[in-house]
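# Residue-level structure breakdown
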Amino acid sequence: MRCVFSESMNDNALDVSTGAPPSGPPGRLPGGAVEWRATTAVLRSTVRAFTSVVDDLVATVFPADCRACGGSLLRADSLRFDVPVCDLCLSRLSPQSETLVTALCRCCGEAMGMESDRFASPVEGLLCTPCRMVPPPFERAVAFGVYEDELRELLHLLKYNGVRRLAGPLGHKLAQAVMLFESASQWTGDVVVIAVPLFAANTRARGFNQSTLLADEAVSRLRKLRPTWKLAARHGLLKRVKSTESQFNLSTRGRRRNLVGAFKVEDARNELAGRDVLLIDDIYTSGATSRTCAQALRRAGVRRVWVATLARAQREQVEFWSSSSGDSG
Ligand SMILES: [Zn+2]
Ligand SMILES: [Zn+2]
């Protein structure tokens, strides 16, 4: 909120940018114009200081609202990232380990529910039925949090309301998810980072690809947290050559079919051959997108694909969405 009163004063009453002296009888003191300029400069800086004090006062008395919860957003809030979301909402972004009571599939990250008893094996660990039946073309998929509550709200603000600065705090959470790979065998952090691309026309319409923003924030965070890792972002190497935005109300199988031929690797300089790729997406829903991208990357010679997403829609949510109208995935 700006102080309109002080701004209009500044613009009109004291706008002497031409430096014209006040009108008066001719033959006044020589150098009068210079004195006038000095006086007005002092006045203008006083008004500017006054404006800033009034602005601060107005922002304190009538703070803006948090875009997520509607609660008041004091200036002291969220200064670190400069986002229109309150500290409480940011602090409620919790990792899956804190919100889920069940174990996760060690490959795709699906919450196992009662299945965990049936398929726990001392050799393989926990594996969900789809991963047992058709092993994914990626090594492992991890996610920061369950796609619900504040995480879902903030991701919507970034994605559909264009609050791009939210990529900062959300990218930090994504970096936490990537660090889960540390415990995986042979993960050295020497990887090419690629965000799941949007169809070019959709990127133009939105003005950005949220997964690219999240990936770049996560990479810069990880450079500080894990300085020995060699992370190189090469988003342009994977292209979405088919618009698949309409796949929303499709079943998992329908999504997979719809994605056939949707992604293409353009790796003229052979940067990907034999490399590990960290594939980044905003949300993992059915896994169809990650599987299809990983297949394209593997066909282009990538050695291993690791998938990290900010959010993970667990099965009950996906079932709920497919029975009601759409959400993203
Ligand atoms: Zn809030
Ligand atoms: Zn699985």
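Numbers given for residues are sequential positions, taken from 1 along each chain in its written order. Each chain is given a letter, starting from A, and each ligand a number, starting from 1, according to the order in which they appear as written. In view of the model being predicted, local features appear only for residues whose pLDDT reaches at least 70, and side-chain atom pairs are presented and counted only at 80 or more, with totals across whole chains, interfaces and linings using the full set of residues.

Before going further, it helps to examine the nonpolar core. If you look at the biggest cluster of nonpolar residues, it comprises 76 residues, and the most contacted ones within it are Leu174, Val277, Leu279 and Ile280. C-beta atoms are first placed from the backbone for all residues, and any pair lying within 7 Å is then listed as a contact. Leaving out residues up to four positions away in the same chain, Val277 has contacts with Val191, Val192, Ile194, Leu272, Leu297, Val302 and Val305. Buried Ala, Val, Leu, Ile, Met, Phe, Trp, Tyr and Cys residues form a nonpolar core when they are connected through C-beta atoms within 7 Å. Buried, partly exposed and exposed are defined by the number of other C-beta atoms within 10 Å of a residue's own C-beta, namely 20 or more, between the two limits, and 12 or fewer respectively, with C-beta atoms placed from the backbone.

Let us look at the environment of Gln314. If you trace the backbone, Gln314 turns up in the loop between strand E9 (304-312) and helix H13 (315-323). In the structure, Gln314 is positioned 214 residues away from Leu100 in sequence and 10.0 Å away in space, judged by C-alpha atoms. Contact partners of Gln314, with chain neighbours within four places excluded, come to Ala111 and Val146. By the criteria applied, helices consist of DSSP H or I runs no shorter than four residues and strands consist of E runs no shorter than two, each listed in order from the N terminus.

With a phi close to 50 degrees, Asp149 is a non-glycine residue in the positive phi region. Along the chain, Asp149 turns up in helix H7 (residues 149-160). For Asn270, which is not a glycine, the phi torsion comes out positive at approximately 60 degrees. Mapped onto the elements, Asn270 comes out in the loop between strand E7 (263-265) and strand E8 (276-284).

On to the sheet that holds strand E5 (residues 231-233). Note: two strands are recorded as paired if DSSP finds a minimum of 2 bridges between them. Spatially, E3-E9-E8-E4-E5 is the arrangement adopted by the five strands of the open sheet, whose pairing is parallel. Of all the strands in the sheet, just strand E3 (140-146) and E5 have a single pairing partner and so form its edges. In this sheet, adjacent strand axes meet at a mean angle of 25 degrees when their direction is disregarded. Where E8 and E9 come together, eight bridges link them in parallel fashion. Bridge pairing links Ile280 to Ala308 in E9. Lying over the sheet, helix H12 (residues 288-299) contacts E3, E8 and E9, oriented at roughly 160 degrees with respect to E8. Axis lines are fitted through C-alpha atoms, for helices just across the contact stretch, and the angle between N-to-C directions can take any value from 0 to 180 degrees.

Next up on the list: the pairing of E9. As a general feature of sheets, a regular strand has side chains that alternate between the two faces. Most of E9 sits inside the fold, with nine of its nine residues counted as buried. Relative to E9, E3 is paired through six bridges, and the arrangement is parallel. Residue pairing across strands places Arg140 opposite Trp306, the latter belonging to E9.

Helix length check: H7, at 12 residues, gives a terminal C-alpha distance of 16 Å against a target of 16 Å (1.5 Å per residue), a fit within 8%. Of the residues making up H7, those classed as buried are Leu151, Leu154, Leu155, Leu157, Leu158 and Lys159. Contacts made by the buried residues of H7 are with E3, helix H8 (167-178), helix H10 (210-225), E8 and E9. Residue Gly162 follows H7 closely and has a positive phi angle near 65 degrees. To estimate the expected span of a helix, count its residues, drop one, and scale the result by 1.5 Å.

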